[in-house]
Amino acid sequence: MLTKFETKSNRVKGLSFHSKRPWILASLHSGVIQLWDYRMGTLIDRFDEHDGPVRGVHFHKSQPLFVSGGDDYKIKVWNYKTCRCLFTLLGHLDYIRTVQFHHEHPWIVSASDDQTIRIWNWQSRTCISVLTGHNHYVMCASFHPKEDLVVSASLDQTVRVWDISALKKKTASPGDDMLRLSQMNTDLFGGVDAVVKYVLEGHDRGVNWAAFHPTLPLIVSGADDRQVKLWRMNDTKAWEVDTLRGHMNNVSCVMFHAKQDIIVSNSEDKSIRVWDATKRTGIQTFRREHDRFWILAAHPEMNLLAAGHDSGMIVFKLERERPAFAVSGDALFYTKDRFLRFYEFSSQKDTQVIPIRRPGSTSLNQSPRTLSYSPTENAVLICSDMDGGSYELYVIPKDSISRGDSVPDAKRGTGGSAVFVARNRFAVLDRSSNQVLVKNLKNEIVKKGSLQFPADAIFYAGTGNLLCRSEDRVYIFDLQQRLVIGDLQTPFVKYIIWSNDMESVALLSKHAIVIASKKLVHQCTLHETIRVKSGAWDENGVFIYTTLNHIKYCLPNGDSGIIRTLDVPIYITKVSENSIFCLDRDGKSRVIIIDATEYMFKLSLLKKRYDHVMSMIRNSQLCGEAMIAYLQQKGFPEVALHFVKDERTRFNLALESGNIHIAVASAKEIDEKDHWYRLGVEALRQGNAGIVEYAYQRTKNFERLSFLYLITGNMDKLAKMLKIAEVKNDVMGQFHNALYLGDVRERIKILENAGHLPLAYMTASAHGLEDIVVRLASELGENLPSLPDNKKPSLLIPPSPVMCGGDWPLLRVMRGIFEGGLDAAGKGVEEEEEEAADGDWGEELDMVDVNGVENGDVPAILEDGEIGEEENGEGGWDLEDLELPPELETPRASTNARSAVFVAPTPGMPVSQIWIQKSSIAGEHAAAGNFDSAMRQLKRQLGIQNFVPLKSLFLDLHAGSHSYLRAFCSAPVLSLALERGWSESNSPNVRGPPALVCNFSQLEEKLKAGYRATTAGKFTEALRLFTSILHAIPLIVVEFRREVDEVKELIIIVKEYVLGLQMELKRREMKENPVRQQELAAYFTHLNLQVAHQRLALQNAMTVCFKAKNLATAGNFARRLLESNPANENQAKTARQVLQASERNNTDVSELNYDYRNPFVVCGATYVPIYQGQKYATCPYCSSRFVPTEEGRLCAVCDLAVVGADASGLLCSPSQVR
């Protein structure tokens, strides 16, 4: 059984598959109907209107309807699109067991505990027939898939077959009056719409289920007598054919399989059984531990079954449908219906090669699983799961492309899997001994090789190499050298597909695809929610793969996308340009034509083949939001710009790519304040003052305009802004503009008009305007403000601009391929070259400002200005003309104007960036200043989530790895990276790792200081020192492998002390709880401490317990203290006395949660013992142990990591990475 989907819910009593969509309805004993998508594994909807269990449910074949029947005597018809019940059919007088739609007519058949079967017309919403005759509960009733028959099963121990052909005639509209008259008589005096055709008797107990065969005149039934019976019928009679025995309890449901000659039944004995319908023998049994089965359903078109049980349901297949195949050049070999077939891709010719042996065993899933082909020897290896795994070797005769019914002699053997590894050698995996056996074509063992790892499957990996699958890893194994060449951790791999050049491999698992190199170096991983089915490489190195319902692609960098959707799953065999060759589930070869433009475009961008990109943009319809988003994400907004017609999107892309001119054109079209504002910000960033001014004018942002004119020194326009503010009666704006202009009289006038006479007076007197001072003094009279004494006023006038700046000068750079190429998309090549030779980027923008002044062609003005300055600039240097001899005069060379232009060198990569790229050690990332990546590393390696204690260390590391130099007073400070182990002999181009302020020797000093503080009893100080060591270790870096072990050992030592000191400090706080005091003192003695500290802990525990009159426990501590041979005579003497006292009276007054005989560790949070064998959670960093309830909380010992988090382990040395 291949389980495809499983749910956990209340008991499932009814199931129904949708004929087209991947949906299944499950009706529950709780009264809820669930609608599941079994492909995605999601609950789509739930319908909750029945009162009590719902036992029957069924989808309509073509309408968006389903019907349900429950213990509330109601039949409800639902529309799943509108998610509501359309109507309820009432008439049954007891529980309804099953409901079913007719495949053609608008009928529903229902079976009920009221001993009747009813047929309803769901269009007229009436009961059109009641079938009576059973004398006990009717457990099920269903229509025949083709004929006018109904079969029903009842607890009266019979199966009845009803003929409903008269009902069909009755519902057809009568053509003449005679028919109408007979119709009336029937209605008045009771008609015979449905008559019993056969009553099948043979079961000894009540019958729970009966079902028709989809095509043959057969019926199968299951009953409480634990038997499944097979019946045959003809036009006149029906009889029992055989009985299938094997179930151990009531048979709940039974049905014929639509595609195979098998019967499937399930039972309250918690099993599903599969029977051979022709041989009438059991093939296979599937059991559940605790759940009884109640219902079975078959998909109307696909090879899927579903079974409902006590705690949910399962959707499953009985057999794999994937044909075994192998591709070799232009040929495809595959198996279908017990034959090996050959398909030629170029001619699309399909021929039968040889028959292959039919499996002798009766169980399922014995068809070929894998196929391997050797083209030189024309030999085929076919592996199957028969006998626990076996293979057959066929050598195909040269003239075999014809149907020969004689099976060629096959060499056989057992083995988990077998593949060709050379021309005439194949490898077989012997799982029992974990060996690979290399055999020749005579099936003789040539070589044996033991694997150093457990393998459960092998695949071809180039001549002489095998790719071996373990549970969560794959390995490349060299058969000659018997070495592992490479390995990679992956989800459980099902299929392996090599690229044509054998340089890349795709590892397909159920929901993931891992792409790796031939040495298994990981390149990318793709995750899929829907199951991955197959894949193949195209000639460009793109991996094309299929899921259950899509054909998709994966680029070398891991980008993926959908090529097209699929109606039914397919298995790709080969990809050639835009053709996909594949096999379907019926084993038929198909060719699907795809549109490869999207992934070829992305691949060209990735490989920087910009000429291809250009031609594709010109010649194909590549627009779409997904493509635009992709181009933006990959840093090609200028390319996306050429796809977009929507002005808002164009505006955003233009801003992103810095194309200010297109942004202006789009902003004009949109003409919204927000867009003008954003345009102004971008233009300001580029130093394009003309466009900034234009944007501010369009938004009437006068304050920003005034400030712009101030910093660009445009006093004329600033004066105009003052007038505008005056007209708008904006007092504050007037005052600001007057301040920017340095117009003191205007400022005084504004203050006077606003009624601020004291301020006006002070402004006039500060600026020495005596005439105004006198006038204002007379107006103010006695309210004259006093000016501060001994203060010298200074004029508040902005400096006049030295140079009235236009736009910022721009460096000339090469025009990008996309700008030139895309703009000139219809022009000739010569024009393109001419345009490239001219330095302007596209057309310039002529703009008119508010006052009609043209800003004009800014770069052109700038160049003229530069030339003018050059010509006039000589005067300042006093350059005299040289009187040169005539022979030195040289003809003027015609130099390219461009050579005079300075092109700034491209900046190199910052050292901190080099450090981050070269290292995966958290301490070096912190030193480089990339705290984010350092935190990510620590979270991944050690499960750390609380970074507050590490903040100061991060800052110290960063500050300590950089030095700073002052340059000129106006230039910024220069930052210098300090490297570890730098010397003058080092190459200037090779960067060493960062210098670090904390090292391992400092931690050792701290450890000694902690020991001293512990000995002296300064526990708070000692705890601070040990905790600081724990906090520093994650960021420490050591050089050698042995030092890594020392660091890990240090973590264990310090962790023990931190836990012990925390317990001791806690004990000292608990004066009122002597029992808990004794427990904590006792636990302290079981930590791994230095011998001196162990003795002190034992003496302390002994004293505490002796004082509390727990003499037996105190005696144990005294014994352990004496065993440690204390050098201090006082310690030994006290211990001996306590031991004598305990031997005289070996009792404890109070009971402690402490058993020294049973080994234990102490929980780091609750301080309780965790004895051997008990469950615990661990801190991934300091390895402290905790009770399971602490999982997911912050570790109380290190205060950094989360208890129970996943972590890869401490990485503190470059030697670990190598």
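Residues numbered from 1 in each chain as written. Predicted model: local features only at pLDDT ≥ 70, side-chain atom pairs only at ≥ 80, totals over all residues. Heavy atoms only, no water.

The name an unreviewed UniProt entry gives the protein chain is Coatomer subunit alpha, with Trapa natans as the organism. Per UniProt, the comment on the protein chain under Subunit (unreviewed entry) is "Oligomeric complex that consists of at least the alpha, beta, beta', gamma, delta, epsilon and zeta subunits." (UniProt positions renumbered as here; feature names shortened; annotations may be inferred.)

Draft legend 1. Here's a closer look at the packing of aromatic side chains. A complete count under the given rule lists 33 aromatic pairs for this structure. Here the aromatic rings of Phe66 and Trp78 are separated by 5.7 Å at their centres, their planes lie at 10°, and the arrangement is stacked. With Phe66 in strand S7 (residues 65-70) and Trp78 in strand S8 (residues 75-79), this residue pair connects regions lying 12 residues apart in the sequence. Assessed through its relative accessible area of 1%, Trp78 is described here as buried. Ring centres of Phe101 and Trp122 lie 6.1 Å apart, and the angle between their planes is 85°; this geometry places the pair in the edge-to-face category. Here the residue Phe101 occupies a position in strand S10 (residues 96-101), and Trp122 occupies one in the loop between strand S12 (116-121) and strand S13 (126-132), the gap between them amounting to 21 residues. With relative accessibility at 3%, the residue Phe101 sits in the buried group. Clustering of aromatic rings is evident, with ring pairs tying together Trp23, Phe47, Phe59, Phe66, Trp78 and Tyr80. The ring of Trp294 has Lys13 sitting right over it, with the charged end atom 3.9 Å from the ring centre. Here Lys237 stacks its cationic end above the ring of Trp239, 5.3 Å away from the centre of that ring. (Phe/Tyr/Trp six-rings, centres within 6.5 Å; stacked < 30°, edge-to-face > 60°. Helix = DSSP H or I, 4+ residues; strand = E, 2+ residues; numbered from the N terminus. Buried < 20%, exposed > 50% of the residue type's maximum accessible area, 1.4 Å probe, protein only. Lys NZ or Arg CZ within 6 Å of the ring centre and 35° of its normal.)

Draft legend 2. Here's a closer look at the confidence of the model for the protein chain. On average, residues of the protein chain carry a pLDDT of 83, and 87% of them reach 70 or more. For the protein chain, the element scoring lowest by mean pLDDT is helix H18 (residues 829-837), at 36; S10 scores highest, at 96. Note that residues 823-885 has pLDDT below 50 and, in this model, 54 contacts with residues that lie over four places away or in other chains. Throughout residues 887-900 the model reports pLDDT below 50, and contacts reaching past four residues in sequence, or to other chains, amount to 5 contacts. (pLDDT = per-residue confidence, 0-100. Contact = heavy atoms within 4.5 Å.)

Draft legend 3. Main features of the pattern of salt bridges. Within the structure shown, the criterion is met by 40 salt bridges. Note that Lys749 and Glu746 form a salt bridge whose closest N and O atoms lie 4.0 Å from each other. Taken together, the residues Lys749 and Glu746, both in helix H14 (residues 744-753) and 3 residues apart, mark about one turn of the helix. Of the residues examined, Glu746 reaches a relative accessible area of 13% and is grouped as buried. One salt bridge connects Glu1190 with Arg1193, and the closest N-O pair in it is separated by 2.9 Å. Beyond isolated ion pairs, a larger network of salt bridges with shared partners links Glu6, Lys8, Arg288 and Asp291. (Salt bridge = Lys/Arg side-chain N within 4 Å of Asp/Glu carboxyl O.)

Draft legend 4. The pairing of strand S54 (residues 579-584), seen in detail. With 6 of 6 residues buried, S54 is to be regarded as a mostly interior element. In S54, alternate side chains face the same way, and those of Ser579, Phe581 and Leu583 on one face and Ile580, Cys582 and Asp584 on the other are all buried. In the sheet, strand S53 (residues 570-576) pairs with S54 via 6 bridges, with the strands oriented antiparallel. Across the sheet, the residue bridging to Ile572 is Cys582, located in S54. (Pairing = 2+ DSSP bridges.)

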